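For reference, the chains in residue letters:
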Amino acid sequence: RHAFGMSDRDAGEATAYVHAMVTVAFAATCASQGRALDSVPSTPFEMAVIEHSLGYFLTDTVQLLVRWRPSEWFYVVHHVCSAANLAVVWACEVAAPTLVIVLLIGECTNPLARADSVYVQRHGHSTAARLHPYRRIVRNAFYVFFVLSRTIVLPVFIYHALDTSRAQMPSNLRPIFL
């Protein structure tokens, strides 16, 4: 148990929720500045968003490894890949506007997922808990928002960002997938 009487799982949920809320707020602020996706150099505020998320992904990866559960292997892989992408952008100080928007789109669904998860932890999986109006609203909003943001908006945005990058790259330096 932690200082606030939380279990490891509750502490992990709280950490993920705070990360998502801060990232969404900061990334939305960065995105509202209207910088081009290929703007160089990255601004200090964009780099702060990248550093915040990099810190979260590294810390949460260590926590997942310390309390290892085989069912959470996908989270570990996701966190390692995310941390690697963030580390490259952080080290090179380029592509931050693009990655900040990717973080915004990716993290905007997490507060709803965390709210649903906390509700289930508090009220269990009973039929009454599953059918409670609050749970149904949150869960349905999450599913709709998740599907729209991660299967439509995010892929379209990434395609546009890659297409923009490809158009500006000399052909002899262009990676084969672009």
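Residues numbered from 1 in each chain as written. Predicted model: local features only at pLDDT ≥ 70, side-chain atom pairs only at ≥ 80, totals over all residues. Heavy atoms only, no water.

### Description of the overall build of the chain
- Per the secondary structure count, the chain includes seven helices and zero strands.
- For the chain, the α and β elements follow one another from N to C terminus as α-α-α-α-α-α-α.
- Out of the 178 residues belonging to the chain, those deemed buried represent 35%.
- Counted over contacts in the chain with a minimum sequence separation of 6, partners at least 24 positions apart contribute 67%.
- Put simply, the chain shows about 10,700 Å² of open surface, and 68% of that area lies on carbon and sulfur atoms. (Helix = DSSP H or I, 4+ residues; strand = E, 2+ residues; numbered from the N terminus. Buried < 20%, exposed > 50% of the residue type's maximum accessible area, 1.4 Å probe, protein only. Contact = heavy atoms within 4.5 Å. Areas by Shrake-Rupley, 256 points an atom, 1.4 Å probe, with all protein chains shown as cover.)

### Re the packing of helix α1 (residues 8–31) against helix α4 (residues 96–107)
- At a minimum axis separation of 8 Å, α1 and α4 run at an interaxial angle of 135°. One element, α1, and the other, α4, form an angle in the oblique class. Seen along the crossing, α1 lies across α4 with a hand that is left-handed. Counting all contacts with α1, which are made through His19, Ala20, Thr23, Val24, Ala27, Ala28, Cys30 and Ala31, the residues of α4 involved are Val100, Ile101, Leu103, Leu104 and Glu107.
- Taken together, the residues of the contact of α1 with α4 break down into 10 nonpolar, two polar and one charged. (Axes fitted to C-alpha atoms, helices over the stretch in contact; angles between N-to-C directions. Parallel < 35°, antiparallel > 145°, perpendicular 65-115°, else oblique. Left-handed = near helix turned anticlockwise from the far one by under 90°. Nonpolar A, V, L, I, M, F, W, Y, C, P; charged D, E, K, R; others polar.)

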